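Listed here are the chains, written in short residue letters.
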Amino acid sequence: MKVVVIGNGMVGQKFCEKLLSKGIPDLQLTVFGEETLAAYDRVHLSSYFAGKTVEDLTLQPVKWYEENGIDLRLGDPVQEVDRLKKR
Ligand SMILES: Cc1cc2nc3c(=O)[nH]c(=O)nc-3n(C[C@H](O)[C@H](O)[C@H](O)COP(=O)(O)OP(=O)(O)OC[C@H]3O[C@@H](n4cnc5c(N)ncnc54)[C@H](O)[C@@H]3O)c2cc1C
């Protein structure tokens, strides 16, 4: 099964975790993120100014995506979705 997730925000990241937990065989998961950082806790973003670091706010490090076989493409916004051709 090939799944492409557009957007590496809080919801996109949680979706990946849920999908992985299903243990689907031969899952090919690709995630496109417009931003250059992996998904972070946007809700607590203001705590960055109170001393939290990027690492503190990051939901899962890039290494987590690698370890789970997810093809994470950051800084790579999707421009168009061709539903008929599935591209
Ligand atoms: C000012 C503000 C205050 C908030 N305060 C709270 C709060 O106190 N508590 C609370 O629970 N919630 C709060 N929220 C809401 C919370 O931030 C959102 O509910 C949450 O971020 C939604 O997560 P999401 O993953 O759906 O979307 P987002 O966090 O918006 O993530 C979407 C991601 O997709 C990326 N993206 C978009 N288009 C493309 C594309 N074409 N290709 C690739 N990537 C793309 C974006 O860059 C982004 O990284 C607040 C929101 C705002 C704006």
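This text goes with the structure placed above it.
Just so you know, these numbers come straight off a predicted model, no measurement behind them.

**Description of empty space enclosed by the protein**
- One pass over the structure, following the stated rule, counts one cavity of 30 Å³ or more.
- Taken together, N8, G9, M10, E35, A39, Y40 and R42 make up the full set of residues lining the largest cavity.

**Details of the sheet that holds strand β3 (residues 71-74)**
- In space, the three strands of this open sheet follow the order β1-β2-β3, with parallel pairing throughout. On the outer flanks of this sheet lie β1 (2-6) and β3, each paired with one strand and no other. The average undirected angle you get between the axes of adjacent strands in this sheet is 10 degrees.
- Pairing between strand β2 (residues 28-33) and β3: four bridges, direction parallel. Paired with T30 across the two strands is D71, which belongs to β3.
- Contacts between helix α1 (residues 10-21) and the sheet are confined to β1 and β2, with β1 contributing the most and set at about 160 degrees to the helix.

**Some thoughts on the side chain of D41**
- Mapped onto the fold, D41 is located in the loop between β2 and α2 (54-57).
- Despite being buried, D41 has no salt bridge partner; K52 is the closest side chain of opposite charge, sitting 7.9 Å away.
- There is a polar contact of 2.6 Å between the side chain of D41 and the side chain of H44.
- Apart from the residues lying within four places of it in its own chain, the contact partners of D41 are M10, L57 and L59.

**As for unusual backbone geometry**
- At D26, a position not held by glycine, the phi torsion is positive, near 55 degrees.
- Topologically, D26 is positioned in the loop between α1 and β2.
- Not every positive phi belongs to a glycine, and K86 is a case in point at roughly 55 degrees.
- Considering the arrangement of structural elements, one finds K86 in the segment after β3.

**Digging into the layout of surface pockets**
- Counted as a void, the largest pocket has a volume near 330 Å³.
- Around the largest pocket, the lining is made up of 15 residues, and of these V4, I6, F32, K86 and R87 lie nearest the centre.
- Listing elements by their share of the lining of the largest pocket, those giving two or more residues are β1 and β2.
- In terms of residue count, the dominant contributor to the lining of the largest pocket is β1 (four residues).
- Here the lining of the largest pocket is built from residues that sort into six nonpolar, two polar and seven charged.

Conventions and cut-offs
- Residues numbered from 1 in each chain as written.
- Predicted model: local features only at pLDDT ≥ 70, side-chain atom pairs only at ≥ 80, totals over all residues.
- Heavy atoms only, no water.
- 1 Å grid on protein atoms, 1.4 Å probe; cavity = no way out; pocket = protein on both sides within 12 Å on 5 of 7 lines; lining within 4 Å.
- Points joined across faces, edges and corners; volume = space filled by probe spheres on them.
- Pairing = 2+ DSSP bridges.
- Helix = DSSP H or I, 4+ residues; strand = E, 2+ residues; numbered from the N terminus.
- Axes fitted to C-alpha atoms, helices over the stretch in contact; angles between N-to-C directions.
- Contact = heavy atoms within 4.5 Å.
- Buried < 20%, exposed > 50% of the residue type's maximum accessible area, 1.4 Å probe, protein only.
- Lys, Arg positive; Asp, Glu negative; His and termini not counted.
- Salt bridge = Lys/Arg side-chain N within 4 Å of Asp/Glu carboxyl O.
- Polar contact = N/O pair within 3.5 Å; in protein donor to acceptor, adjacent residues only side chain to side chain.
- Nonpolar A, V, L, I, M, F, W, Y, C, P; charged D, E, K, R; others polar.

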